[in-house]
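As a plain string of letters, each chain reads:
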Amino acid sequence: KQEVTQIPAALSVPEGENLVLNCSFTDSAIYNLQWFRQDPGKGLTSLLLIQSSQREQTSGRLNASLDKSSGRSTLYIAASQPGDSATYLCAPLTQGGSEKLVFGKGTKLTVNP
Amino acid sequence: NAGVTQTPKFQVLKTGQSMTLQCAQDMNHEYMSWYRQDPGMGLRLIHYSVGAGITDQGEVPNGYNVSRSTTEDFPLRLLSAAPSQTSVYFCASSYTSFGGETQYFGPGTRLLVL
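Residue numbers restart at each chain and count upward from 1, following the sequence in its written direction. All chains are assigned letters beginning at A, and all ligands numbers beginning at 1, according to the order in which they are written. Predicted model: local features are reported for residues with pLDDT of at least 70 only, side-chain atom pairs are reported and counted for 80 or more only, and whole-chain, interface and lining totals are derived from all residues. Working from all heavy atoms in the structure, the side-chain values ignore hydrogens and water.

## Looking at the overall build of chain A
As a reminder of what qualifies: Secondary structure elements are taken from DSSP: a helix is a run of H or I of four residues or more, a strand is a run of E of two residues or more, and numbering for both begins at the N terminus. It is over C-alpha atoms that the radius of gyration is taken, and the globule rule equals 2.2 Å times the number of residues to the power 0.38. When checking whether two residues touch, look at their non-hydrogen atoms; a contact exists if any pair is within 4.5 Å.
Broken down by element type, chain A carries zero helices and 11 strands. Along its sequence from the N terminus, chain A presents helices and strands in the succession β-β-β-β-β-β-β-β-β-β-β. For 113 residues, the compact-globule estimate of 2.2 N^0.38 gives 13 Å, and chain A sits close to it at 14 Å. Principal-axis analysis of the C-alpha atoms gives chain A an extent of 45 × 30 × 20 Å. By sequence separation, contacts in chain A at least 24 residues apart represent 54% of the contacts at least 6 residues apart.

Below is the structure:
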C-alpha cells in the first residue's frame, strides 16, 4: 500500500525566501506525481505534474523534481510571496491495476510580508 | 468550460438521513473520483469510476454508494448518514485514469452530520 509523507507539516518563512517542500512515497511503481495547492476552504489546484520518466518540471517560480527510485519528490518555490501561502499536497499516481492518487497530508506554508 | 462542479456547497444532516452529493464535469473526462478530507487524515479515496457504467471502491467506501450512468455525472450517495461522515467531500476528474493526466478538483461539499 502506497504511503506518502510530507515534511515539514508546516513552514513559516519571510517574503522573498527560497524554500523546499519534501514528499516521500513508499511504492516507486508510479505513473506520475502531482503537486497541488489548496487554499483554505477551497478545492485543490494542480500545480505541476511530473511523469515517472522525467526528473523535473518547471512552472514559473515553481520547480518540482522526482527521484522515483528513492521515492522522493521536492517542490522548490523561488522568491516566495505572501500569495504563495497555502497548503501544498503531493500525490503519486500508483500503478497496479487500479490506478489511484494517494495524497500526503500536506505542508502548510505561510509567507510573511 | 465550468470544469468540475459540486452541489451543494454545504449541508447539515441528522443521523440516519440520506442524501446525494452531486458532481458534474463538462470536459468529457473518463475518470472521476470522490475523496473525503478530514483533519489529520488527508484526502482519502472513497469511490472512483473509469467510465460510464464502471465504478470501483477506494480506500474508505463503507456507507457510500456511487453510480455512473453518464460520462458527465458521478453522484455520491450517503445511505444512512453517521456523525463519522462529517467531512469535506471533493470530486475530481481526469481524461483517463493513467498516463500523464492532470486531475481537476471541484470546490468541495462540506457535510455536517448531527
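## Quick notes on the state of the cysteines
Convention followed: Criterion for a disulfide: a pair of cysteine sulfur atoms within 2.5 Å. Only protein chains enter the area calculation, which uses a 1.4 Å probe; residues under 20% of their type maximum are buried, those over 50% are exposed, and those in between are partly exposed.
One pass over the structure, following the stated rule, counts two disulfides over all chains. Covalent S-S linkage joins C23 of chain A and C90 of chain A, the inter-sulfur distance amounting to 1.9 Å. Because the sign of the S-S torsion sets the handedness, a value of about 70° for the bond joining C23 of chain A and C90 of chain A places this disulfide among the right-handed ones. Taken as a pair, C23 of chain A in strand β3 (residues 19-25) and C90 of chain A in strand β9 (residues 86-94) lie far apart in primary sequence, 67 residues in all. Assigned by exposure class, C23 of chain A and C90 of chain A land together as buried. Linked covalently through their sulfurs, C23 of chain B and C91 of chain B form a disulfide whose S-S length is 1.8 Å. The S-S bond linking C23 of chain B to C91 of chain B shows a torsion near -70°; that makes this disulfide left-handed. Taken together, the residues span a long stretch of sequence, with C23 of chain B in strand β3 (residues 19-25) and C91 of chain B in strand β9 (residues 87-94) at a distance of 68 residues. Accessibility expressed as a relative area gives 1% for C23 of chain B, which makes it buried. For C91 of chain B, a relative accessible area of 0% gives the class buried.

## Looking at the sheet that holds strand β1 (residues 4-7) of chain B
Residue and element names in this part refer to chain B. In plain terms, the rule: At least two bridges found by DSSP between two strands are what make those strands a pair. Angles run from 0 to 180 degrees between N-to-C directions of axes, and those axes are lines fitted to C-alpha atoms, restricted for helices to the stretch in contact.
The strand order across the open sheet built from four strands is β1-β3-β8-β7, with neighbouring strands paired in antiparallel fashion. Each edge of the sheet is formed by a strand with only one pairing partner; in this case those strands are β1 and β7 (64-66). Across the sheet, the mean angle separating the axes of adjacent strands is 20° when strand polarity is ignored. Relative to strand β8 (residues 76-78), β3 runs antiparallel, the two being bridged by three bridges. Each residue of the ladder has a partner; that of T20, found in β8, is R77.

Coordinates in, geometry out; function isn't part of it.
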